[in-house]
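Summary of structural features
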Amino acid sequence: SYRENGVSKTHLLGKALIDIEKNKTVITKIKVGDLKKEYTNSLVSEILQMSPHSSQPLAEVIHRKTSGNVLFVLQFIRSLFDEGLLRFSFSTKRWQWDTATIESKNIADNAVDLMSQKISRLPKEIQTVLKMIACLGSSIDESTLRLIAGHENAGKVNSDGSTGHAIFYEYDDLVGSLELSVNAGLLDCISTKYKFAHDQIQSAAYNLIPENERGLWHLQIGNKIWTSKGAEQEKVLFMAVVQLNLGTMFIKEKEQKIELARLNLRSGESAISSVSYPLAASYLKAGIKLLDEKCWKEHYDLTLKLYECYAEAEYCNGKFEDMEKALDQIFAHAKCCGDQRRAYFLRIWALGAQEKMKKAIDVGLNMLAELGEPFPTTEISKEMILEDFSKTKQLLEGKTDTDLLELNTLNDDVKIDTMRALIILSFFANLTKQKIVFFLVFRAMQISLSHGICKESANCFASYGSLLSGSFDDFNGAYRFGKLSIRLLEKLQVKEFSHRIISTVYGLINSWVEHHHASLNPLKAAYQNGIRYGDIQWAFTSIQQYCIHRYQCGNDLASVEEDLRKYGKLMTEFKQATVLKYCLPYRQAILNLMGLSSNPLQLTGDAMNQENLLNSALERKNINLVFVIFSQCSVVTYMFGDYDVASEMADKAQYIVDRSNSPTYAVCSHTFYYGLITLLLARKTKDKRWEGLAKNAIEKMKNWTKFAPSNCEQKLHLMEAEYAYFLGEYEIAERLYDSAIEKAGINGFIQEQALAFERAGMFYFEKGNVSKASQYYGKAHNSYLTWGAKGKADHLLRNCPF
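About the thresholds
Note that residues are indexed from 1 along each chain, following the sequence as it is written. Per-residue local features are limited, in this predicted model, to residues with pLDDT of at least 70; the limit for side-chain atom pairs, both in listing and counting, is 80 or more; totals at the level of whole chains, interfaces and linings are taken over all residues. By convention in this description, side-chain values take in all heavy atoms of the structure and omit both hydrogens and water. One speaks of a salt bridge when a side-chain nitrogen belonging to Lys or Arg is within 4 Å of a carboxyl oxygen belonging to Asp or Glu. Strands are runs of DSSP state E lasting at least 2 residues, helices are runs of H or I lasting at least 4, and numbering of each runs from the N terminus. Buried means the residue's accessible area, taken with a 1.4 Å probe over protein chains only, is under 20% of the maximum for its type, while exposed means over 50%, and partly exposed covers the values in between. For patch detection, residues must exceed 30% relative accessible area and be free of salt bridges, and they are connected within 9 Å for like charges or within 5 Å for nonpolar side chains (Val, Leu, Ile, Met, Phe, Trp, Tyr). All accessible areas in this document rest on Shrake-Rupley with a 1.4 Å probe, and a residue is counted as covered only by the protein chains that are shown. Two strands qualify as a pair provided that DSSP identifies no fewer than 2 bridges between them. Only C-alpha atoms enter the line fits that serve as axes; for helices the fit covers just the stretch in contact. Angles between N-to-C directions range over 0 to 180 degrees. In this description, contact between two residues means that some pair of their heavy atoms is separated by no more than 4.5 Å. Put simply, angles under 35 degrees are roughly parallel, angles over 145 are roughly antiparallel, angles from 65 to 115 are roughly perpendicular, and the rest are oblique. Counted as positive: Lys and Arg. Counted as negative: Asp and Glu. His and the chain ends are not counted at all. Note on charges: their place is set at NZ of Lys, CZ of Arg, CG of Asp or CD of Glu. Multiplying one less than the number of residues by 1.5 Å gives the expected span of a helix. Comment: arc refers to directions from the helix axis out to C-beta atoms. Here, nonpolar core means buried Ala, Val, Leu, Ile, Met, Phe, Trp, Tyr and Cys residues that are tied together by side-chain atoms lying within 4.5 Å of each other. Any two rings among Phe, Tyr and Trp, with Trp reduced to its six-membered ring, count as a pair given centres within 6.5 Å; such a pair is stacked if its planes are under 30 degrees apart, edge-to-face if over 60, and tilted if neither.

Another point: the pattern of salt bridges. Pairs can form between side chains of opposite charge once their charged atoms are near each other. Under the counting rule described, the total for this entry stands at 29 salt bridges. Here Glu-355 ties to Arg-620 by a salt bridge, and the two come within 4.0 Å at their closest N and O atoms. You can see Glu-355 sitting in the loop between α18 (341-353) and α19 (357-370) and its partner Arg-620 sitting in the loop between α31 (610-619) and α32 (623-639), a full 265 residues away along the chain. On the accessibility criterion, Glu-355 (9% relative accessible area) is buried. Here Arg-620 falls in the partly exposed class, since its relative accessible area comes to 43%. Here Arg-689 ties to Asp-651 by a salt bridge, and the two come within 3.1 Å at their closest N and O atoms. In this pair, Arg-689 sits in helix α35 (residues 688-707) while Asp-651 sits in helix α33 (residues 643-658), placing the two residues 38 residues apart along the sequence. Arg-689 sits in the partly exposed class, given a relative accessible area of 43%. Given the relative accessible area of 22%, Asp-651 is considered partly exposed. One network of salt bridges, with partners in common, ties together Lys-254, Asp-292 and Glu-298.

See the structure below:
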């Protein structure tokens, strides 16, 4: 149960209810209003243990006074008892009251005023204790009680600073006042924790403090907590700083403000390390507000750190405008270029998160030029890439793994910042398939080999490996550098970087050599580590890869769709639009396969609108996203039988593959479907063009199968079966169809097994073997259902040729 005015749309419960409704789950809301007169009487009758007939006169007065508000009713009855207007007669053994006197009694307009009146009648010491707890929140435990107990530095509060009554008492006196409050029904006691019986009671206690004195109360409570003997400062830091921040208007000494600003910085950094970014931003913003116009001159290091951390927190919160305002302050007042670099890195990440990849790369390239590492501004040719690749290979020539791991440590701050910039820019250049990625990664390798290694070198080795596999078909070399990057990570002991390495190695390299399923757990762990260290974009890139790999591995579609939807919401919450959009075509393809879209031939539905997302990707020149859209369009149109559109979409995807760096396993999946589409059209049209494209796809798959048979052999055998069918080699086709089915089962790719069953069924039907075709169609249908592709299974039934 909850009060509507206490649960907004941004409240955790409010968000949960919205999510439930979006899933089209029926929610029955029971709205509990004020009590009707007869129910008020039932309550009064129950409390006083009287018959409803006897309690009715009193209940009618109470209902008129309280309008049936339950809290009002209960507290009004208690106040009548406390004031002697409701009393138990031992002589008559029944409750007695004076209706006329009660009728004349004034009652507060709301629960807070009613409770305030009640608290005001308590002894001063109890009132003070309740006010103090109300300043701290809705509850207080034993450890906090001990922090505020004792007369040392006892606070005396008046708005003008003059002496008033003490607000701190010895521990036993505090506990005594709390126990009396429990007896009065104002507090609940659970074990060693005291909690206000209702939030309105807390509000009532707090409202008894004059508004112009509240800051002083908070200030003195904060000081008492922070200076308490025996308190572990890191444990009480947040509690003390919250209280001190609420009393800043009463801090007059400049040094005290600076000291509090430092405490806010400590709190903000601690909150960032705990992934509590909204909380971190609130502390850091409070710290900045304590600074004056001379802060950059008189307290430069503190001011720079506050603005840097605040900008980082707001980046993680997705509040890019607030982040930019903080960065502008840094750029305007930083003493040197080195002090601006963290701000530049944040700006680049933020631009990338907002799909402004070109601008992000431009900012980064300008920064690299200032660091003494200029890059070509002309059109990048294949010859230029090969020349730089050759230069890198020459530096690597003759170096063993041990040699690479024992390279000197890089201590040059400028070179380290250069390495950091190169890695960040290569991330965005790779996402958008810009050729500059080769120069960025090669330059990072060259710096590491010539000047020494740093933690970014581990990322550099992994990125280099991804280029070897994706652009040079050097899968053994890629695998070597992937393992080297992990070993270097362990040597340098940089846990805060591990998710980046794992994301690159298991997202871009290892599936060309190891079983694709082996990437799932490491990628999920990389996400968790990225979140832990506040590396938002890398974290969500890792979980994006995890979800896509689950889909490619043939995991249950409903479960994969649920993950894509769940993590997609988090990406939206953290304003990570770039990473989110790569997930959408996969999620919509899954919805189509599950039968949860109105048109299975279009990537339009709950996840995305095909035309809108494609136009946006083309406008922003996000070539990788364009590839994903075209490739998933080709998959669903092929699966649902529109082979002409499938060929058109696959052709467009292949055009991108042929002209860009494409290291991901998605290229292997695309080549598989492209081969099947071209083979079908070659058989249908007898056009040599389709045959040539099909043979090229088969040759690629043969090469990949040498390195990763567990991922590719079932794909290869199905493509070869279709090619044998095209050539009229029917016995070979039969053997290869069965081999594809068997290998898909052994290797755990249920979706490819289902497809092999289906293609074999079509083959046997077209050869006139209806009995065998029926068996294969039935197995295909069952396999699609096992995968969770009910839409595809239903399509198979509707279009079954017999």
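Further remarks concern a nonpolar patch on the surface. Among the surface-exposed residues, Ile-47, Val-70 and Leu-74 lie close enough to one another that they form a single nonpolar patch of about 210 Å² accessible area. Under the relative-accessibility criterion, Leu-74 is labelled partly exposed at 37%.

Once that is clear, we can look at the sheet that holds strand β5 (residues 193-196). Judged by pairing direction, the sheet is antiparallel, and its three strands sit side by side in the order β3-β5-β4 without closing on themselves. Either end of the sheet is taken by a strand with one partner, and the two such strands are β3 (139-141) and β4 (187-190). Across the sheet, the mean angle separating the axes of adjacent strands is 15 degrees when strand polarity is ignored. The pairing of β3 with β5 spans three bridges and is antiparallel. Counted as the bridge partner of Ser-139 is Lys-195 from β5. Those strands touched by helix α9 (residues 171-183) are β4 and β5, and its axis lies near 110 degrees from that of β4.

Our focus in this paragraph is unusual backbone geometry. Positive phi outside glycine occurs at Gln-49, with the angle close to 55 degrees. Mapped onto the secondary structure, Gln-49 falls in the loop between α2 (37-48) and α3 (52-66). For Glu-355, which is not glycine, the phi torsion reads 70 degrees and is therefore positive.

This next bit is on the packing of helix α30 (residues 577-594) against helix α40 (residues 790-798). With their axes 4 Å apart at the nearest point, α30 and α40 run at an angle of 45 degrees to one another. One element, α30, and the other, α40, form an angle in the oblique class. Of the residues in α40, those touching α30 at Asn-592, Leu-593 and Met-594 are Lys-790, Gly-791 and Lys-792.

Among the surface-exposed residues, Glu-125, Glu-170, Asp-172 and Asp-173 lie close enough to one another that they form a single negatively charged patch. Relative to the assigned elements, Asp-172 resides in helix α9.

Now for a positive patch on the surface. There is a patch of like positive charges on the surface, built from Lys-285, Lys-289, Lys-319, Lys-325 and Lys-575. Topologically, Lys-575 is positioned in the loop between α29 (557-573) and α30. In this structure Lys-575 comes out as partly exposed when scored by relative accessible area, which is 42%.

For α2, built from 12 residues, the straight-helix expectation of 16 Å at 1.5 Å per residue is met to within 8% by its first-to-last C-alpha distance of 17 Å. Three or more residues of α2 are buried, namely Thr-40, Asn-41, Val-44, Ser-45 and Leu-48. One side of α2 carries all its buried residues, which in axial view fall inside an arc of 135 degrees. Those residues of α2 that are buried lie in contact with α3, α4 (70-82), β1 (86-89) and β2 (94-97). Immediately beyond the C-terminal end of α2, within one or two residues, lies Gln-49, with a positive phi of roughly 55 degrees.

Glancing now at the nonpolar core. Within the largest apolar cluster, 253 residues are counted, with the highest numbers of intra-cluster contacts made by Tyr-551, Tyr-638, Met-639 and Tyr-784. In terms of residue count, helix α34 (residues 666-685) provides more of this core than any other element does, 12 residues in total. Among residues more than four places away in sequence, those in contact with Tyr-638 are Tyr-643, Ala-646, Tyr-673, Leu-676, Ile-677, Leu-680, Leu-755 and Arg-759. Leu-48, Ile-62, Phe-76 and Ile-102 belong to the second-largest nonpolar core, a separate cluster that totals 16 residues.

On to the packing of aromatic side chains. Counted by the stated rule, this structure contains 38 aromatic pairs. Taken together, a centroid distance of 5.7 Å and an interplanar angle of 50 degrees make the contact between Phe-540 and Phe-574 tilted. A residue pair is termed long-range when its members are at least 10 positions apart, and Phe-540 in helix α28 (residues 536-553) and Phe-574 in the loop between α29 and α30 qualify at 34 residues. Judged on exposure class, the residue Phe-540 and its partner Phe-574 are both buried. Measuring from ring centre to ring centre gives 5.9 Å for Tyr-723 and Phe-726, while their planes differ by 20 degrees; the resulting arrangement is stacked. Here Tyr-723 pairs with Phe-726, and both are found in helix α36 (residues 709-727), just three residues apart, close to one helical turn. Looking at Tyr-723, the relative accessible area reads 17%, which means it is buried. What makes Phe-726 buried here is its relative accessible area of 17%.

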